[in-house]
Amino acid sequence: MAAEQYIIPAPKKDMVVERVQLEELAPRAVRVKVAYAGVCHSDLHLWEGGYDIGHGQTMDFVDRQINYPVVPGHEISGHVTELGAGVLEADGVKVGDPVAVYPFIGCGLCPQCVCGRDDFCEAAVQRTLGYLLPGGYATHVTVPDVRYVVKVSPSVDLKCVAVATCSGLTAFSAISTATDSLVMAAKVRSKARILIVGCGGLGQWAVQLAVSGISTGLESAGQDANLAVYAADVRSDHLEVAKKLGAAGVVQWSTDAAGMDAALKRTLSVCGDKPDVIIDFVGSTATVSNSLKILQTGGLLVIVGLFGGSFQHPLPLIPLRSHRTVGIHAGSVEALTRLMKTLAGGKVTAPPIEVFGWGEVNTAMRELANGKLKGRAVIDPSTSGAATPAPL
């Protein structure tokens, strides 16, 4: 069977389409016809060739044993078209089912995989779809094992499903990680405060999830409200979306140091106190440093964004203020399954999604690189569009 896929031939080179013959499925594998593939910042980093780790240094993907050309795309939704030998009825999927594809393929043998944390796989090289294995910028994708395919309700838009498999899952995991801190803060001060820094696609997921109280069990509305959700971003249009999604207050941060000092004062004023939890979906030198300046004593900083850089911070302040910092990268198959059920419940949906045609993949990447997307973007392989130039 023939299929088409986009490849990144080398870092910062135009993506091009190639036609390939699909191989016979291995036992337990699943073939999915791609409905939508999300365009994620991680795809942009893959196109750029690495991460900025500060001090003029880069973490190159080639050093992480990711060899070009690469078929990108790890946010994938679609329909099952073929099942490998050994897939059973008990596995829960059949040909024709709408599905979400979990992209973080583990070895299945290490302690992390055995415990269900395939995204923490301890194998020398993790076989993530869109990095080491061909991803979703394709008409079809081969999933190595049926356990990485999650059946979804037909009521959930597959565009929403696609972007949920990474950005939604990551936001869901970040909010879940903050739950204990928020519940404790609500007991101490009657109301917990969470600040979402960066209100692009992931931040918009997080605002909804926090406001809904699905992960935390806290209430953000009504006379018994014990959670207040706030948002900060340098873009006013992102903040407008955050307000519509239920944020109790928003603050526009600045890109320069002088303006940022004033912005931090406004943040404390809007929040009414220091935030108990800050989730940073930017992950830059500035956002991490400034978040620690206003974090409540005993507070939690969750770093999610991969913008890059490094920062300096007075070490004694960490124990003296009992600050805790954790990093979040995606989540488990079980968490993705719970998120799909949440989406089917209708309380939470995806951020605004812009659809790009099959011939517009480079345009989508360029729009993301230039900060022109208001929410998320997906590629629809069933549509066509004009050929486009390189992302930058």
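See the structure printed just above.
A short tour of the structure in this document, coming up. Note that this is a predicted model, so its numbers are computed, not measured.

**Focus on the sheet that holds strand 16 (residues 300-303)**
Read from one edge to the other, the open sheet built from six strands follows the order 14-13-12-15-16-17, with strand pairing classed as parallel. Among the strands making up the open sheet, the edge pair consists of strand 14 (249-252) and strand 17 (324-327). For this sheet, the mean angle separating the axes of adjacent strands, direction not counted, is 20°. Judged from the four bridges that link them, strand 16 and strand 17 form a sheet pairing that is parallel.

**Brief notes about the pairing of strand 6 (residues 76-83)**
In this structure, strand 3 (residues 30-39) lies alongside strand 6, joined through seven bridges in antiparallel fashion. Looking at the pairing, Tyr36 lines up with Ser77 of strand 6. Across four bridges, the pairing between strand 6 and strand 7 (residues 98-101) is antiparallel. Its bridge partner lying in strand 7, Ser77 is registered against Ala100.

**Structural notes on the pattern of salt bridges**
Evaluated as defined, the whole model comprises 13 salt bridges. For Lys243, the salt bridge is made with Glu240, and the minimal N-O distance between the two is 3.3 Å. Remark: Glu240 and Lys243 occur in helix 5 (residues 236-244); sequence separation between them is three residues, near one turn of the helix. Counted as one network, the salt bridges with shared partners bring together Lys94, Asp97 and Lys151.

**Some points on helix 4 (residues 201-212)**
A rise of 1.5 Å per residue sets the reference length of helix 4, with its twelve residues, at 16 Å; its end C-alpha atoms lie 17 Å apart and thus fit the reference within 8%. By the criterion of burial, helix 4 is predominantly enclosed, with ten of the twelve residues buried. Buried residues along helix 4 sit against helix 3 (158-189), strand 12 (192-197), strand 13 (227-233), helix 5, helix 9 (333-345) and strand 19 (376-380). Remark: Gly213 follows helix 4 within two positions and exhibits a positive phi of approximately 70°.

**Some words on helix 9**
Between its first and last C-alpha atoms helix 9 spans 19 Å; for 13 residues at 1.5 Å apiece the expected length is 18 Å, and the two agree. Looking only at helix 9, the buried set comprises Val333, Ala335, Leu336, Leu339, Met340, Thr342 and Leu343. When helix 9 is viewed along its axis, its buried side chains cluster within an angular range of 170° and face the same direction. Along helix 9, exposed side chains directed more than 90 degrees from the buried face belong to Lys341 and Gly345. At its buried positions, helix 9 is contacted by strand 7, strand 11 (149-151), helix 3 and helix 4. Just downstream of helix 9 lies Gly346, where phi reads positive at about 85°.

**Quick notes on the packing of helix 6 (residues 257-271) against helix 7 (residues 285-294)**
Put simply, helix 6 and helix 7 touch, their axes get as near as 11 Å, and they point 45° apart. Taken together, the axis directions place helix 6 and helix 7 in an arrangement best described as oblique. Of the two possible hands of crossing, helix 6 and helix 7 adopt the one that is right-handed. Residues Met260, Leu264, Thr267 and Leu268 of helix 6 form the contact with helix 7, whose participating residues are Asn290, Lys293 and Ile294.

Thresholds applied
- Residues numbered from 1 in each chain as written.
- Predicted model: local features only at pLDDT ≥ 70, side-chain atom pairs only at ≥ 80, totals over all residues.
- Heavy atoms only, no water.
- Pairing = 2+ DSSP bridges.
- Helix = DSSP H or I, 4+ residues; strand = E, 2+ residues; numbered from the N terminus.
- Axes fitted to C-alpha atoms, helices over the stretch in contact; angles between N-to-C directions.
- Salt bridge = Lys/Arg side-chain N within 4 Å of Asp/Glu carboxyl O.
- Expected span 1.5 Å × (residues − 1).
- Buried < 20%, exposed > 50% of the residue type's maximum accessible area, 1.4 Å probe, protein only.
- Contact = heavy atoms within 4.5 Å.
- Arc of directions from axis to C-beta.
- Parallel < 35°, antiparallel > 145°, perpendicular 65-115°, else oblique.
- Left-handed = near helix turned anticlockwise from the far one by under 90°.

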